[in-house]
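Spelled out, the chains give:
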Amino acid sequence: MAINAMQNRAPVAQKPHKVEIKADADVGAYIDVEINGKGYTVPFGMTILEACRNNNIHIPSLCYHEDLCLAGACRVCVVEVEGMRTLQASCAYPITNKIKIWTTSERVRKARRHILDLLLSEHYGECYSCVRNNNCELQRLAKEYGVDFYRFGHIKEPRYEVDRSSYAIVRDMDKCVLCKRCVRTCIDLQEVGVLEATRRGYSTLISTFMDKPILDVICINCGQCINRCPTGALRAKDPSDEIWKAIDDPTKHVVIQTAPSIRAAIGEEFGLPPGHSMTGQMVTALRMIGFDRVFDTNFAADLTIMEEGTELLLRLKRKYLFGDPEVKLPQFTSCSPGWIKFIEHYYPEHLDYLSTCKSPQQMFGAIIKTFYAQEMQIDPANIVTVAVMPCTAKKFECNRPEMNASGYKDIDYGLTTRELAQMIKEAGIYLPELPKSYFDEPFGNASGAGLIFGATGGVMEAALRTVYEIVTGREVPFENLDITPCRGMDGVRQGSVILTDVKDEWRFLEGFEVKFMIAHGTSNARKVMEALIHGELDDYHFVEIMACPGGCIGGGGQPIPTSPEIRRKRAEAIYNEDKELPIRKSHENPHIKYIYEKFLVDGPCGHISHKLLHTHYVKRGKFIV
Amino acid sequence: MPIINDTVFFDERAHGEALEKALKMTPQEVVLEVRESGLRGRGGAGFPTGTKWMLALTAKSDKKFVVCNADEGEPGTFKDRVLLSEYTKLVLEGIVIGGYAIQAQKGFIYLRGEYAYLYEYLNDYLERMRKEKRLGKNILGTNFDFDIEIRLGSGAYVCGEETALIESLEGHRGEARNRPPFPVNTGYLGYPTIVNNVETFACAYIVISKGAQWFSKYGTEKSKGMKLISVSGDCKKPGVYEVPFGIKVKELLELVGAEDTKAVQIGGASGICVPMSEIDRNISFEDIPTGGSVIIFNQNRNMLEVLKNFMEFFVEESCGQCTPCRIGNKKLLEGVELLEEGKCSHKYLNELIELGKTMQIASKCGLGQSSPNPFISIVTNFKDEIMSNSIRGKNGY
Ligand SMILES: Cc1cc2nc3c(=O)[nH]c(=O)nc-3n(C[C@H](O)[C@H](O)[C@H](O)COP(=O)(O)O)c2cc1C
Ligand code: SF4
Ligand code: SF4
Ligand code: SF4
Ligand code: SF4
Ligand code: FES
């Protein structure tokens, strides 16, 4: 497949360039350099910044981000390269010959301090009323360089209106340092291209198409730009005040569900290194805060697998048994709302490929306001559903007008990991020291399959564990149920499973090779969609797409910072927890069985589930609907 | 047009036929000839042209490009316009020679938006060259193919900077790139590319037609050849002059009939401001370099106003990408405003000079690196005048 060789299709006219250095045959793979008077051997073409950081030599930076292409714009990282008149931006300087570098000479220190003074002179904002207080790269730099007065003055009035138009993203350009990380994230990493530097010179401003409010442009609400913004200029829209109000209101029954990837990341907000799962402590904390019920979204993930897996089998049946030419295959997953908005804007002609399943968050909301309300005998009007998600797009999703089949909003509030951590802190709780406890019944039990939804490839793996077993009556033929082709962090991955010795009712699938593909980050989604359009996916059956790099563990609502390493650690935490769980297949979850017996009585993809758990999509195209 | 002594450009009979000659040489020979002539870039930075061409020639690539920088955005320069409109052959065939020298297939002329009126004329000229087999396939019967396309800029000064120019050619926002890698390696669309000034190509034409020896007899040790200078401001005979490198500022002033002079801004807005006490200095890459702009101010000029104009220009024309230039120029301009109001202390002025020095070394491209030049040279050379309405110490220092 030519997918990985495909041209980057970012909107032309906006793409920041990448620097690529090809090694000369006569230079070799490694180069000797001198840094601050000491010798080091570094790989050819590595930047000065990387070379220094690999050797524990600290160089400050601001516009540099590991996930993004180079900018070399802020100049905070300048160093001295012997023999050069000017200082060099270490983040953008590839080492291709023997050079001598000085990282803290007088010229360097003075220049960095000046640059910082300049940035601060134009920075309007007060740390104590800023979401990024204590986790802000600008603030950290000011501390590091001992800034104790505004050498070049300080802006006294705000210049820009805060853009609060979006359900998910808030933009406060008075705090922007013009590092363009958001621009590079949106164009390069996500290939959406909402943000760009506009105007020139001193008037330069990060803006949207025609300066429109961000609600009125094709932003997919993925929040990846927030995760990479070094300052408080970009943040998520925080509903915690309303949630506190609901908690404090005795007439309200406030139910919270937590997505699989929260537990793997929330510890970072409390200073733990990435990769510590905090499931039990988090549940305890949520109870202490005062939520009436604490449920696990993993349960709804299991439900999604039942529905989505069945939908896939039905599509296969219609196509291969009945020869229905209208059936669209491969079926694309639909649990990532950023991806949904992306395809609605960019590939509106291909919405029929999407599974009609709602995301787990929304399914859960619908179940809570119907089945759960009945069982508990609570008026659904008095139930407030909160979803803690790694995701900012979920804030948009829960406000989609079609998401209220029960007559009530499936989900009232979408809360991010960061915002939840803030609520926990506000309640005076230090998470890591709490005792563990379990989720509430009747939705407390979830399978490992639901849990791994949190990492890219997880939905696919979970679905395969169930689909294979439905069709053959046996477990998937992978050691320990770990379907390894689904794992990893490559942007686009693919694999297949062959169905043999199938049950009678699935005779037509005997020997059938189920081909699947997995992509994360919408730039990779775009590659897959282009392949689809070019007929390269005709023999594929199931495609998982997550809008965020790494899947939910790298979601736009997760703790800041993010990096490939951090995402890898979070994914590891999830897979390790899956291994330990007694139930690892969605269809074996007893609560799932129970709900199909008691409530969704006509089974997966039946009438009731169609009304409550499935949805439809909007052909948005270039227009904002 | 006034000419002193000798001329390279202004005597058409003396131009000779360089294209024929070049195509009979090997590309290496052409590059070596240019290198031997000591020709340095006429766009301002003065990079040795032969060296640049050699780097591009030896870069391994199936495609290469030539770009003629006709953005001529530096305030006070208009010499490229004269070359393009009156000595078109030198420039266009100079580009073809450059293309042959580095073995490129395609050339661009990046024409300043304000020169759009030349667009049709130049295109007709290119068409004529194609008919005469001096452009296009099999130039002059050789197997060298090369064509030239004209692209119009849209008025951003920074797009004269070679990497921002390439970004603009590629259809992006005009912002300078990181260097290294340099355009000779990774230029237009990532291919080896030489960017040269209009006058540089015209000089290359002369070098080939007359020989490196002939060319290098003009000028100084490190600045060979003649230089076109656009003179404007307070003098009797403004215009384009051809002078040998090494000419003293004093001599130039005499030549153009400048009287009662107070200062000379050499090198455009980003150049330096030379007071009368220093007019024995000379114009060359060794002493005072210039892309061609000389602006003369007489005793009636208010140097603070002059400086303010320059700084306003930079605040607007910076691409806004890097911190030192985007905000630094604004701070310098605010400093000038404080000076005007008499509210800038010596201490703060020194702080701003230091900031200017940081900008010179920490900015990403030549614009930010040279924009503090007029600030630093005017406030140091005319300190008394500048500080005359200052109430010392009132700025909190
Ligand atoms: C801000 C800025 C503006 C520039 N404008 C021009 C220009 O208008 N014309 C030009 O030939 N070179 C200009 N240059 C210089 C070019 O970057 C480049 O050095 C030149 O085109 C190289 O050609 P040369 O070696 O023939 O001089 C400018 C440089 C800077 C930093
Ligand atoms: S963005 Fe950073 S420096 Fe600015 S107010 Fe917020 S925390 Fe403080
Ligand atoms: S939320 Fe996503 S789509 Fe929207 S601006 Fe940020 S990166 Fe772009
Ligand atoms: S909004 Fe944030 S990420 Fe974007 S340029 Fe400004 S500071 Fe950088
Ligand atoms: S120095 Fe000025 S013009 Fe050059 S890159 Fe920086 S901001 Fe842009
Ligand atoms: S971190 Fe290197 S220039 Fe910004």
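Residues numbered from 1 in each chain as written. Chains lettered and ligands numbered in written order. Predicted model: local features only at pLDDT ≥ 70, side-chain atom pairs only at ≥ 80, totals over all residues. Heavy atoms only, no water.

Student: Give me the overall build of chain A: which residues, what numbers.
Tutor: Helix and strand counts for chain A stand at 18 helices and 17 strands. Expected size for 625 residues packed as a compact globule is a radius of gyration near 25 Å; at 25 Å, chain A falls within 12% of this value. Counting all 625 residues of chain A, 62% fall into the buried class. Counting only carbon and sulfur atoms, one obtains 51% of the accessible surface of chain A, whose full area is about 24,100 Å². One finds the centroid of the 75 positive side-chain charges in chain A at a distance of 5 Å from the centroid of its 80 negative side-chain charges. (Helix = DSSP H or I, 4+ residues; strand = E, 2+ residues; numbered from the N terminus. Rg over C-alpha atoms; globule rule 2.2 N^0.38 Å. Buried < 20%, exposed > 50% of the residue type's maximum accessible area, 1.4 Å probe, protein only. Areas by Shrake-Rupley, 256 points an atom, 1.4 Å probe, with all protein chains shown as cover. Lys, Arg positive; Asp, Glu negative; His and termini not counted. Charge placed at Lys NZ, Arg CZ, Asp CG, Glu CD.)

Student: Go over the sheet that holds strand β12 (residues 331–332) of chain A with me, naming the residues and quoting the values.
Tutor: All names here are of chain A. With mixed pairing, the four strands of this open sheet are ordered in space as β12-β17-β16-β15. Unpaired on one side and paired on the other, β12 and β15 (492–499) mark the two borders of the sheet. Pairing between β12 and strand β17 (residues 542–546): two bridges, direction parallel. Among the inter-strand pairings, Gln 331 is bridged to a residue of β17, identified as Phe 542. Across the sheet, helix α15 (residues 522–533) touches β12, β15, β16 (512–520) and β17, and the angle it forms with β16 is around 140°. (Pairing = 2+ DSSP bridges. Contact = heavy atoms within 4.5 Å. Axes fitted to C-alpha atoms, helices over the stretch in contact; angles between N-to-C directions.)

Student: Outline the site of ligand 5, supporting the account with residue identities and numerical values.
Tutor: If you check the shell around ligand 5, you find 13 residues, and the closest are Cys319(B), Cys322(B), Cys325(B), Cys365(B) and Gly368(B). Looking at the shell around ligand 5, its residues break down into seven nonpolar, five polar and one charged. (Near = heavy atom within 4 Å. Nonpolar A, V, L, I, M, F, W, Y, C, P; charged D, E, K, R; others polar.)

Student: I'd love a proper account of the nonpolar core, names of residues and values included.
Tutor: Residues Leu119(A), Met303(B), Met311(B), Leu339(B), Phe375(B), Ile378(B) and Val379(B) are the most contacted members of the largest nonpolar core, which totals 78 residues. By size, the runner-up hydrophobic cluster in this structure holds 64 residues, among which are Met54(B), Ala101(B), Ala204(B) and Tyr218(B). (Core = buried A, V, L, I, M, F, W, Y, C linked by side-chain atoms within 4.5 Å.)

Student: Which residues make up the site of ligand 3, and what are the values?
Tutor: All residues in the neighbourhood of ligand 3 are listed as Ile169(A), Cys186(A), Val192(A), Val194(A), Leu195(A), Cys219(A), Ile220(A), Asn221(A), Cys222(A), Gly223(A) and Cys225(A). For the shell around ligand 3, the class distribution of residues is nine nonpolar, two polar and no charged.

Student: Explain the environment of Pro238(B) to me, and be specific about the residues and the numbers.
Tutor: Residues and elements named next belong to chain B. As for its placement among the helices and strands, Pro 238 is situated in the loop between β5 (226–233) and β6 (239–244). Put simply, Pro 238 and His 15 are 223 residues apart on the chain and 25 Å apart in space, counted from C-alpha to C-alpha. The contacts of Pro 238, once residues within four sequence positions are left out, are Val 231 and Ser 232.

Student: Tell me about the domain arrangement of chain B, and name the residues and values.
Tutor: Residues and elements named next belong to chain B. Split into domains, chain B comes out as domain 1 (12–215), domain 2 (226–298) and domain 3 (303–396). Each of domain 1 and domain 3 has a C-alpha centre, and these two points are 35 Å apart. Between domain 1 and domain 3, the contact holds 14 residues from the first and eight residues from the second. Contact between domain 1 and domain 3 buries roughly 880 Å² in total, counting both sides, with carbon and sulfur atoms accounting for 63%. Looking only at domain 1, the three residues that lose the most surface to domain 3 are Tyr 157, Val 158 and Ala 176, adding up to 49% of its buried area. Our count for the domain 1 to domain 3 interface comes out at zero salt bridges. For the pair domain 1 and domain 3, the number of links is four residue pairs in polar contact (both at pLDDT 80 or more). Considering only residue class, the side of domain 1 that touches domain 3 consists of five nonpolar, four polar and five charged. (Domains from an automatic or database assignment. Buried area = accessible area lost by both parts, 1.4 Å probe. Salt bridge = Lys/Arg side-chain N within 4 Å of Asp/Glu carboxyl O. Polar contact = N/O pair within 3.5 Å; in protein donor to acceptor, adjacent residues only side chain to side chain.)

Student: Please give an account of the side chain of Ser270(B) that cites residues and values.
Tutor: Secondary-structure assignment places Ser270(B) in the loop between β7 (261–266) and β8 (272–275). Not counting chain neighbours up to four residues away, the residues in contact with Ser270(B) comprise Glu74(B), Tyr157(B), Phe314(B), Ser370(B), Ser371(B), Asn373(B) and Pro374(B).

Student: Give a description of helix α16 (residues 564–580) of chain A that names residues and reports values.
Tutor: Residue and element names in this part refer to chain A. Its 17 residues place the ends of α16 25 Å apart at the C-alpha level, agreeing with the 24 Å of an ideal helix rising 1.5 Å per residue. Those residues of α16 not exposed but buried are Ile 566, Arg 567, Arg 570, Ala 571, Ala 573, Ile 574, Tyr 575, Glu 577 and Asp 578. Structurally, α16 contributes buried residues whose contacts are with α5 (224–228), α7 (279–289), α13 (448–451) and α14 (458–472). (Expected span 1.5 Å × (residues − 1).)

Student: Which residues make up helix α7 (residues 162–169) of chain B, and what are the values?
Tutor: All names here are of chain B. Buried residues dominate α7, accounting for six of its eight residues. The complete set of buried residues in α7 reads Thr 163, Ala 164, Leu 165, Ile 166, Glu 167 and Leu 169. Those residues of α7 that are buried are in contact with β1 (65–70), β2 (106–111), β3 (147–152) and β4 (193–197). Phi turns positive one or two residues past the end of α7, at Gly 171, with a value near 95°.

Student: Tell me about the sheet that holds strand β3 (residues 78–81) of chain A, and please be specific about residues and values.
Tutor: Residues and elements named next belong to chain A. Here we have five strands laid out as an open sheet, ordered β2-β1-β5-β3-β4, and mixed in their pairing. Lying at the two open borders of the sheet, with one neighbouring strand each, are β2 (38–43) and β4 (88–89). Across six bridges, strand β1 (residues 30–35) lies against β2 in antiparallel orientation. Paired with Tyr 30 across the bridge in β2 is Pro 43.

Student: Can you explain the pairing of strand β11 (residues 293–296) of chain A? Please cite residues and give values.
Tutor: Residues and elements named next belong to chain A. The sheet contact formed by strand β10 (residues 253–258) and β11 spans four bridges and is parallel. Looking at β11, one finds that Ile 256 is bridged to Val 294. Assessed by its sense of winding, the connection that carries the chain from β10 through α7 to β11 is right-handed. (Right-handed = clockwise from strand over helix to strand, strands pointing away.)

Student: Give me the lowdown on the domain arrangement of chain A, citing residues and values where you can.
Tutor: All names here are of chain A. Looking at the assigned domains, one finds that chain A contains domain 1 (9–116), domain 2 (240–299 + 384–433) and domain 3 (301–360 + 446–613). With centres defined by C-alpha atoms, the gap from domain 1 to domain 3 works out at 42 Å. Each side of the interface is counted separately: domain 1 has four residues, and domain 3 has six residues. Between domain 1 and domain 3, roughly 440 Å² of surface is buried when both sides are summed, and carbon and sulfur atoms account for 44% of that area. Our count for the contact surface shared by domain 1 and domain 3 stands at one salt bridge. Put simply, Arg 567 and Asp 67 hold a salt bridge, and the shortest N to O gap is 2.9 Å. One can count two residue pairs in polar contact (both at pLDDT 80 or more) joining domain 1 with domain 3. Residues belonging to the side of domain 1 that touches domain 3 are distributed by class as follows: no nonpolar, one polar and three charged.

Student: Tell me about the interface of chain B and chain A, and please be specific about residues and values.
Tutor: Opposite the 41 residues of chain B that make contact, chain A presents 41 residues. A per-residue breakdown of the area chain B buries against chain A is headed by Arg173(B), Asn178(B) and Ile361(B), which together make up 18% of the total. The tally of links from chain B across to chain A stands at five salt bridges. Two residues, Glu317(B) and Arg200(A), come together in a salt bridge whose shortest N-O distance is 3.3 Å. Contributing elements (two or more residues each) for the side of chain B that touches chain A: α11 (303–317), α12 (323–340) and α13 (346–362) of chain B. For the side of chain B that touches chain A, the element with the most residues is α13(B), which contributes nine residues. Of the residues in the side of chain B that touches chain A, the class split is 15 nonpolar, 13 polar and 13 charged.

Student: Go over the side chain of Thr261(B), please, and point to the residues and values.
Tutor: Structurally, Thr261(B) is set in strand β7. Setting aside residues up to four positions removed in sequence, Thr261(B) forms contacts with Leu253(B), Met276(B), Ile296(B), Phe297(B), Asn298(B) and Gln299(B).

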